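# A closer look at the structure
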Amino acid sequence: MSDSASYLPDHPPVNDWVNDFDHTDPKWTEDPFPIWDELRAASPVVHTGRFLGCYMPTTYQAVKEISYDTEHFSSRRVIVRDIRPEITARSPPITSDPPEHKPAKQLLLPPFTPDAMKKLEPRVRAICNELIDEFIADGKCDAAARYTKHIPVRAIAHMLGINEKDGDLFVKWIHGILELGIKDDNALMEAVREMSAFFAGHIEQRKQNPKDDLITTLMNAKGPNGQPLDDAHVLGSLRLLLIAGIDTTWSAIGSSLWHLARTPSDRERLVREPELIPTAVEEFLRAYSPVTMAREVMKDTTISGCPVKKNNMVLLSFPAANRDPAMFPDADKVVIDRKENRHAAFGLGIHRCVGSNLARMEMIVAIEEWLKRIPDFRLDPAGKVTWSEGTVRGPRQLPVLFGKAS
Ligand code: HEM
């Protein structure tokens, strides 16, 4: 359970998951998989009166129908929250609908090509080893606090041209926006304000002294009208890259290590056959997908035969889609050499993830470097694994012991 569970007074515990689901309930946070199975068995689309009215598609097919239907389902709100305040801060392209979406997305694609990732890979490998150097002699660590958390923060800071050590600030803002912000508007606004002020400073600096980094690239990019982007657009894109790129990847690496800590046969196989790691990473992405998004229903429609009414939100659970047995045989098993794996962890349709090449590279490198130096490890029975709640799910405390169990 995450520390934001203390914000729960107006969230009574759930007694009827099918008609009254709540994705911030501690039971969901701890172990959502049986809950999704129950919902899927009841209907391809379920509804809750919480969050001012919200649907959840439970099958791969229903998630796909909604993802591809930008006419009825808007991205102007992408987090299911208790309140629906006026929309002030936008983060194109993730909060954009057509026709604004496409040009905003195209601006962000060039820095994340596979070739660009190849150039970044040695730095990410070095970051992983610098982190391992700090705790390996202790024979144990909290792998979330000491390892998984820092890899995406430092990688994106490196790309942006910002001091890698400023990562702690990024983590605090993201927690305020994605977790506390579900129920606490002040926490959300404060995080957005601080983050915007930080980047506004960096933009000003680069107006005087342009650098060879992602912030400068965005400042020089031309918008759809052929004019350079205004500062607000650059700021929105930078905010989005941090929000979208950090705790997503941190969570995905963490869930992978959590699985390997509890599954010696898979761990030993990956140590013996490191060439299987990229295939295993796809399976970890499927089975422990971290990202659940949202849409707002703009017009009444039907999804997989179920009526869907406007003014409700939609909890768009790519993770639940990835556990649908109609799409994936043995959906509840983690099969690290799964052959056919068209998972939806990076989304479906026009909003598919911009950073998937970066995320995959970071996951592969983080697991490779960890297994090279710590081939044997297990959960520390004296500690407790905790999971984040809400939009992004992953371990936030992951205490592990190194070496073979005696
Ligand atoms: C394992 C890690 C990651 C996962 C599972 C993930 C997942 C997702 C998903 C599901 C979406 C679709 C959102 C929607 O449909 O509303 C998305 C969009 C996006 N992601 Fe990722 N992401 C990851 C890492 C990253 C990274 C590293 C970056 C960049 C630094 C990034 C940048 C973006 C952006 C900019 C979008 C918006 C794309 C659009 O609206 O067209 N993501 N991501």
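Given the structure is predicted, the values throughout are model-derived calculations rather than measurements. Every chain begins its residue count from 1, and numbering advances along the sequence as written. Two thresholds apply to this predicted model, a pLDDT of at least 70 for residue-level local features and 80 or more for giving and counting side-chain atom pairs, whereas whole-chain, interface and lining totals are computed over all residues.

## Digging into the overall build of the protein chain
Counting from the N terminus, the helices are DSSP H or I runs at least four residues long and the strands are E runs at least two residues long. Each helix and strand counted, the protein chain has 17 helices and 12 strands in total. Here the C-alpha atoms of the protein chain give a radius of gyration of 21 Å, agreeing with the 22 Å that 2.2 N^0.38 yields for 406 residues. Taking the principal axes of the C-alpha coordinates as reference, the protein chain spans close to 60 × 60 × 40 Å. Exposure is read from a count of other C-beta atoms within 10 Å of each residue's own; the residue is exposed at 12 or fewer, buried at 20 or more and partly exposed in between. C-beta atoms are placed from the backbone. A buried classification covers 46% of the 406 residues belonging to the protein chain. Any pair of residues counts as being in contact when their C-beta atoms, constructed from backbone geometry, are within 7 Å of one another. Considering only residue pairs separated by 6 or more positions, the protein chain has 68% of its internal contacts joining residues 24 or more positions apart. The quantity called the radius of gyration is restricted to C-alpha atoms. Its globule counterpart is 2.2 Å times the number of residues to the power 0.38.

## What to know about the site of the ligand
Nearness between a residue and a molecule or strand is assessed with a C-beta atom placed from the backbone; a distance within 6 Å qualifies. Near the ligand lie 27 residues; those nearest to it are Gly-245, Gly-347, His-351, Cys-353 and Gly-355. Of all the secondary-structure elements, those providing two or more residues to the shell around the ligand are α5 (101-108), α12 (231-245), α13 (247-262) and α17 (356-373). The dominant element in the shell around the ligand, judged by the number of residues it contributes, is α12, at four residues. When residue character is reported, Ala, Val, Leu, Ile, Met, Phe, Trp, Tyr, Cys and Pro are called nonpolar, Asp, Glu, Lys and Arg charged, and the others, Gly included, polar. Looking at the shell around the ligand, its residues break down into 19 nonpolar, seven polar and one charged.

## Considerations on the environment of His-259
Relative to the helices and strands, His-259 resides in helix α13. Between the alpha carbons of His-259 and Asp-168 there is a distance of 26 Å; along the sequence they are 91 residues apart. Not counting chain neighbours up to four residues away, the residues in contact with His-259 comprise Asp-266, Phe-284, Tyr-288 and Val-334.

## Topic: the nonpolar core
The tendency in soluble globular proteins is for nonpolar side chains to be buried as a group. Linking buried Ala, Val, Leu, Ile, Met, Phe, Trp, Tyr and Cys residues through C-beta atoms within 7 Å yields a set, and such a set is a nonpolar core. Ile-156 and Val-314 are the most contacted members of the largest nonpolar core, which totals 106 residues. Those residues within four positions of Val-314 in sequence are excluded, and the remaining contacts are Cys-54, Tyr-55, Ile-66, Phe-73, Ala-294, Arg-295 and Val-297.

## Topic: helix α10 (residues 185-208)
Expected helix span is computed as 1.5 Å times (number of residues minus one). The terminal C-alpha atoms of α10 lie 35 Å apart, and with 24 residues this matches the ideal 34 Å at 1.5 Å per residue to within 8%. Buried within α10 we find Leu-188, Ala-191, Met-195, Phe-199 and His-202.

## Examining helix α15 (residues 277-287)
Listed as buried for α15 are Ala-280, Val-281, Glu-283, Phe-284, Leu-285, Arg-286 and Ala-287. In this structure, the buried residues of α15 make contact with α13, α14 (264-272) and α17.

## A closer look at the sheet that holds strand β2 (residues 54-57)
The five strands lie next to each other as β1-β2-β8-β5-β3, forming an open sheet whose pairing is mixed. Edge positions in the open sheet fall to β1 (45-48) and β3 (73-74), since each of these has one partner strand only. DSSP-based pairing: two strands are paired if at least 2 bridges between them are found. Across five bridges, strand β5 (residues 292-297) lies against strand β8 (residues 313-317) in antiparallel orientation. Counted as the bridge partner of Met-293 is Leu-316 from β8. This element, helix α4 (residues 60-68), spans β1, β2, β3, β5 and β8 of the sheet and lies at about 120 degrees to β8. Under this scheme, a helix contributes an axis fitted over its contacting stretch, all axes are lines through C-alpha atoms, and angles between N-to-C directions fall in the 0 to 180 degree range.

## Details of the sheet that holds strand β4 (residues 140-142)
Judged by pairing direction, the sheet is antiparallel, and its three strands sit side by side in the order β4-β12-β9 without closing on themselves. Every other strand in the sheet has two partners, leaving β4 and β9 (377-379) as the edge strands with one partner each. When strand polarity is set aside, the average angle formed by the axes of neighbouring strands in this sheet is 25 degrees. Relative to strand β12 (residues 399-402), β4 runs antiparallel, the two sharing three bridges. Opposite Cys-141, over in β12, you have Val-400 as the bridge partner.

## Considering the pairing of β12
With three bridges joining them, β9 and β12 adopt antiparallel strand pairing. Residue pairing in the sheet places Arg-378 in a bridge with Leu-401 of β12.

## What to know about the packing of α13 against α15
The geometry of α13 relative to α15 is characterised by a closest axis approach of 10 Å and an angle of 105 degrees between their N-to-C directions. Classified by the angle their axes make, α13 and α15 are roughly perpendicular. Taking contact as the criterion, the partners of Ala-252, Ser-255, Ser-256 and His-259 in α13 are, on α15, Val-281, Phe-284 and Leu-285. Classifying every residue of the contact of α13 with α15 gives four nonpolar, three polar and no charged. Any angle from 65 to 115 degrees is called roughly perpendicular, while one under 35 is roughly parallel, one over 145 is roughly antiparallel, and all others are oblique.

## Quick look at unusual backbone geometry
In the segment running from Pro-98 into Pro-99, the intervening peptide bond is cis, with an omega of 5 degrees. Inspection of the secondary structure assignment puts Pro-99 in the loop between β3 and α5. A positive phi is found at Ser-304, a non-glycine position, where the angle reads about 45 degrees. Summarising the element assignment, Ser-304 is placed in the loop between β6 (301-303) and β7 (306-308). Take Ser-304: there are 17 C-beta atoms within 10 Å of it, and that puts it in the partly exposed class. At Asp-330, a residue that is not glycine, the phi angle is positive and equals roughly 50 degrees. Counting through the fold element by element, Asp-330 comes out in the loop between α16 (318-321) and α17. Note on Asp-330: 9 C-beta atoms within 10 Å, which makes it exposed.

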